[in-house]
Amino acid sequence: MKILVIGGGNMGMTYAEAMAKSSFLKKKELMILDTNPQKIEELENMDIFDVHSDLKTCLPQADIVFLAVKPYHAEELMEDMKPFISEEQMFVSIMAGVTINSMQESLGMPKVVRAMPNLPAQVGKGVTSFTASDEVSRVELSTIERILATTGKAIHLDTENDIDASTGISGSGPAYIFYFMQSMIEAALKMGFSDHDSRVLVGQTFEGAIELFNSSDLSPRSWMDRVASKGGTTRAALDSMEDNNVRELISEAAHAAFERAVELGKEYENTHA
Ligand SMILES: NC(=O)c1ccc[n+]([C@@H]2O[C@H](COP(=O)([O-])OP(=O)(O)OC[C@H]3O[C@@H](n4cnc5c(N)ncnc54)[C@H](OP(=O)(O)O)[C@@H]3O)[C@@H](O)[C@H]2O)c1
């Protein structure tokens, strides 16, 4: 099986490197294409991939094609791809807001997978949600799942609406965690801790909490109850958060991202109809 990654930027490289590290593919089975001369030189120096700068030399040989360019380059790229593609090939897009329908139309091909990765994919701890057009078989879906899971975990969802919803949870989610961390660091600074100590106090607290969470099936609420005793310090903080509706506000924020993902998909379809 040959895989081609188009776009050797942050996300394309994350997937390409993860696939290369897995036992999934042999070296020359993984092709990568970019148009940026500096990027091409960088990729060649890495000596991991079969590097290309021209669609004609790599696209016809690929069984699976990853599209990892910015959404505003998608339309032009797909137009350029048309002479070199065929119906058996699978096209996997990680481009935000580019819908399955618009890709099928632009490429004139049936087998399209739309995936939504997140930033921790860069450290092998990502979660990628994905859905596919009806023409992608079960066997092909499980191959895609294994490939996407080289960057962490992969979750197959039924519809593109689910992909937009997952954008509000896992896609944009890392930024919510950073928001919470930043707020705690600012609280620590206000209490008089140094930059270094604030970072250690907050960073290690997050890391420890996540490790505990992953060590059992307990819900976050159960963990909260374990930390907070009646009349104690943690309960005072949790009560303050509940009084200020923080939980509701986080849910609203996630929904705002979900709605924006839906809007972006519509905007893309309207401009490329
Ligand atoms: N970063 C994230 O956390 C994240 C999360 C979810 C989804 N995504 C999606 O991932 C996609 C890639 O994002 P990124 O941050 O990795 O972008 P990026 O760093 O800009 O990488 C894209 C690369 O593709 C190259 N390129 C542009 N047009 C091309 C073409 N026609 N053929 C081949 N290569 C081409 C670009 O070259 P130039 O620099 O010369 O343009 C650049 O090297 C986006 O669609 C984004 O929506 C990203």
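First, a word on what this report is: a plain description of the structure on this page. Given the structure is predicted, the values throughout are model-derived calculations rather than measurements.

With that settled, the discussion passes to the overall build of the chain. Looking only at helices and strands, the chain features 12 helices and eight strands. Principal axes of the C-alpha set define a box for the chain whose edges measure 70 × 40 × 30 Å. Across the 273 residues of the chain, 32% fall into the buried class. Look at the contacts in the chain between residues 6 or more apart in sequence, and 62% of them connect residues 24 or more apart.

On to the nonpolar core. The biggest cluster of nonpolar side chains holds 51 residues, and the ones touching the most others in it are Leu 4, Phe 66 and Leu 67. Element by element, the count of residues in this core is highest for helix α1 (residues 10-21), at six residues. In this structure, Leu 67 is in contact with Ile 6, Gly 7, Ala 74, Leu 77, Phe 91, Val 92, Ser 93 and Met 95, ignoring residues within four places of it in sequence.

Right, let's get into the pairing of strand β2 (residues 30-33). Because side chains alternate across β2, one face comprises the buried residues Leu 30 and Ile 32, and the other comprises Met 31 and Leu 33, equally buried. Bridging between strand β1 (residues 3-6) and β2 involves four bridges; their strand directions are parallel. If you follow Ile 3 over to β2, its bridge partner there is Leu 30. Handedness of the β1-α1-β2 crossover: right-handed. Taking the sense of rotation as the criterion, the β-α-β connection linking β2, helix α2 (residues 37-46) and strand β3 (residues 50-52) turns out right-handed.

In spatial order, the strands read β3-β2-β1-β4-β5-β6-β7-β8; together these eight strands make up an open sheet with mixed pairing. Two strands close off the open sheet at either side, each with one partner strand: β3 and β8 (152-156). Here the strands of the sheet are splayed against their neighbours by 25° on average, with no regard to which way each runs. Pairing geometry for strand β4 (residues 64-67) and strand β5 (residues 90-93), over four bridges, is parallel. From the neighbouring strand, Phe 66 faces β5, where its bridge partner is Val 92. Of the strands in this sheet, β5 and β6 (112-116) are in contact with helix α5 (residues 100-107), which crosses β6 at around 140°.

Let us look at unusual backbone geometry. Positive phi is not limited to glycine here, since Asp 47 has a value of about 55°. Its location among the elements puts Asp 47 in the loop between α2 and β3. Taking the number of C-beta atoms within 10 Å as the measure of exposure, Asp 47 has 8 and is therefore exposed. The residue Asn 245 is not glycine, and still its phi comes out positive at about 60°.

So, on to the environment of Ala 257. Topologically, Ala 257 is positioned in helix α12 (residues 246-271). Judged by local crowding, Ala 257 falls into the partly exposed class, with 19 C-beta atoms found within 10 Å. Residues Ala 257 and Ser 172, spaced 85 residues apart in sequence, show a C-alpha to C-alpha distance of 7.2 Å. If we ignore the near neighbours within four places in the chain, the residues touching Ala 257 are Thr 167, Gly 168 and Ser 172.

It is worth spelling out the packing of helix α4 (residues 71-81) against α5 at this point. Helix-helix packing: each pair is described by the crossing angle between the helix axes and the interaxial distance. Across the interface, α4 lies against α5 with an axial gap of 8 Å and an inter-helix angle of 40°. When the axes of α4 and α5 are compared, the pair comes out oblique. Across the interface between the two elements, Glu 75, Met 78 and Met 81 from α4 touch Met 103, Ser 106 and Leu 107 from α5. Classifying every residue of the contact of α4 with α5 gives four nonpolar, one polar and one charged.

Taken together, 24 residues lie around the ligand, and Gly 7, Gly 9, Asn 36, Met 95 and Ala 96 are the ones closest in. Broken down by secondary-structure element, the contributors of at least two residues to the shell around the ligand are α1 and α4. The residue inventory of the shell around the ligand, partitioned by class, reads 12 nonpolar, nine polar and three charged.

A word on the pairing of β5. Covered by surrounding structure in β5 are Met 90 and Val 92 together with Phe 91 and Ser 93, the residues of both alternating faces. Between β4 and its parallel partner β5, the chain crosses via α4, and the hand of that crossover is right-handed. Bridge count for β5 against β6 is three bridges, and the pairing is parallel. Following the sheet pairing, Phe 91 is matched in β6 by Val 112. Crossover β5 to β6 through α5 is right-handed.

About the criteria used
Residues numbered from 1 in each chain as written. Predicted model: local features only at pLDDT ≥ 70, side-chain atom pairs only at ≥ 80, totals over all residues. Helix = DSSP H or I, 4+ residues; strand = E, 2+ residues; numbered from the N terminus. Buried ≥ 20, exposed ≤ 12 C-beta atoms within 10 Å, placed from the backbone. Contact = placed C-beta atoms within 7 Å. Core = buried A, V, L, I, M, F, W, Y, C linked by C-beta atoms within 7 Å. Pairing = 2+ DSSP bridges. Right-handed = clockwise from strand over helix to strand, strands pointing away. Axes fitted to C-alpha atoms, helices over the stretch in contact; angles between N-to-C directions. Parallel < 35°, antiparallel > 145°, perpendicular 65-115°, else oblique. Nonpolar A, V, L, I, M, F, W, Y, C, P; charged D, E, K, R; others polar. Near = placed C-beta within 6 Å.

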